[in-house]
Amino acid sequence: MLKILTLAGGVAGAVALSQFPEFSQQYLQRLSGAVDELRTQVVAFDTLATAAGITREEALAELDGSTFQSGLQAHFGEQVHRYERLSADYTALRQAEPLQRLAQLWRFNDPDLAQRTWDDFRPAVPVTTDGLICAGIGFAGGWLALTLLFGLLMRPFRRFA
């Protein structure tokens, strides 16, 4: 019975992880769009700061005072930070092959982009080499996880046998 369950865990892991290459491709496309949009905003802000003869940091510091100005300061500060973070993630993921992206899961760290990608994602049969390799890794991971879990759960009962 345990062998069947661990096999089922392996199959579930294979099915789930085989979808990663396509999901990562769709996330990368959304990430590219987000970086392009944020770049437009950051460049416009930097251009205004330069025209005023100040740096980005000085411009952000000047946006303090009234509630409205403090709101602008927080907004632009967050936009600049998000642009820098997403731009670094995009550069790293764009240069990586799908299997290399699997080793960089921390770069899929924007909850909004990940959720919107997941909402539009439709599973497909993995026909690429990357999809099949991910399926194999998923199978091994699912099988191993359930084997270890059942081994731990059954350990107290083996002492009495």
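Check the entry above for the structure.
Anyway, here's the lowdown on the structure attached to this text. (Residues numbered from 1 in each chain as written. Predicted model: local features only at pLDDT ≥ 70, side-chain atom pairs only at ≥ 80, totals over all residues. Heavy atoms only, no water.)

1. A closer look at the pattern of salt bridges
Phase 1: Applying the stated criterion across every chain, the model contains eight salt bridges.
Phase 2: A salt bridge links Asp46 to Arg56, with the nearest nitrogen and oxygen atoms 2.7 Å apart. On the criterion of sequence distance, the pair formed by Asp46 in helix α2 (residues 20–51) and Arg56 in helix α3 (residues 56–62) is long-range, its members being 10 residues apart.
Phase 3: A salt bridge links Arg82 to Asp110; its shortest N-O distance comes to 3.1 Å. Of this pair, Arg82 sits in helix α4 (residues 67–94) while Asp110 sits in the loop between α5 (98–102) and α6 (111–120), and the two are 28 residues apart along the sequence.
Phase 4: Within the structure, one salt-bridge network assembled from shared partners comprises Asp46, Arg56 and Glu84. (Salt bridge = Lys/Arg side-chain N within 4 Å of Asp/Glu carboxyl O. Helix = DSSP H or I, 4+ residues; strand = E, 2+ residues; numbered from the N terminus.)

2. Some thoughts on α4
Phase 1: The terminal C-alpha atoms of α4, which comprises 28 residues, lie 39 Å apart, in line with the 40 Å expected from a rise of 1.5 Å per residue.
Phase 2: For α4, the set of buried residues is Gln79, Val80, Tyr83, Leu86, Ser87, Asp89, Tyr90, Ala92 and Leu93.
Phase 3: Where α4 is buried, its residues touch α2, α3, α5 and α6. (Expected span 1.5 Å × (residues − 1). Buried < 20%, exposed > 50% of the residue type's maximum accessible area, 1.4 Å probe, protein only. Contact = heavy atoms within 4.5 Å.)

3. Examining the nonpolar core
Phase 1: Counting residues in hydrophobic clusters, the biggest one holds 17 residues, and the most contacted among them are Tyr27, Leu31, Val35, Leu86, Leu93 and Leu113.
Phase 2: Put simply, the parts of the chain that give this core at least two residues each are α2 and α4.
Phase 3: Examining the composition of this core, we find that eight residues originate from one element, α2, more than from any other.
Phase 4: Of all hydrophobic cores here, the second largest spans six residues; its members include Phe45, Ile54, Leu60 and Leu63. (Core = buried A, V, L, I, M, F, W, Y, C linked by side-chain atoms within 4.5 Å.)

4. Some details on the packing of aromatic side chains
Two measures describe an aromatic ring pair: the distance that separates the ring centres and the angle between the ring planes.
Phase 1: Enumeration over the complete set of coordinates arrives at six aromatic pairs.
Phase 2: Between the aromatic rings of Tyr27 and Phe108, the centroid separation amounts to 4.8 Å while the plane-to-plane angle is 45 degrees, which identifies the pairing as tilted. Of this pair, Tyr27 sits in helix α2 while Phe108 sits in the loop between α5 and α6, and the two are 81 residues apart along the sequence.
Phase 3: Given the relative accessible area of 0%, Tyr27 is considered buried. (Phe/Tyr/Trp six-rings, centres within 6.5 Å; stacked < 30°, edge-to-face > 60°.)

5. A closer look at the side chain of Ser18
Phase 1: Position of Ser18 relative to the elements: it lies in the loop between α1 (2–17) and α2.
Phase 2: For Ser18, a relative accessible area of 7% puts it in the buried group.
Phase 3: Among the polar contacts listed, one links the side chain of Ser18 to the backbone oxygen of Val15, at a separation of 2.8 Å.
Phase 4: Apart from the residues within four sequence positions on either side, Ser18 is in contact with Pro126, Gly131, Cys134 and Ala135. (Polar contact = N/O pair within 3.5 Å; in protein donor to acceptor, adjacent residues only side chain to side chain.)

6. Points about the environment of Gln115
Phase 1: Inspection of the secondary structure assignment puts Gln115 in helix α6.
Phase 2: In this structure Gln115 comes out as partly exposed when scored by relative accessible area, which is 43%.
Phase 3: The sequence separation of Gln115 and Ile54 amounts to 61 residues, and the corresponding C-alpha distance is 38 Å.
Phase 4: Among the polar contacts listed, one links the side chain of Gln115 to the side chain of Asp119, at a separation of 2.7 Å.

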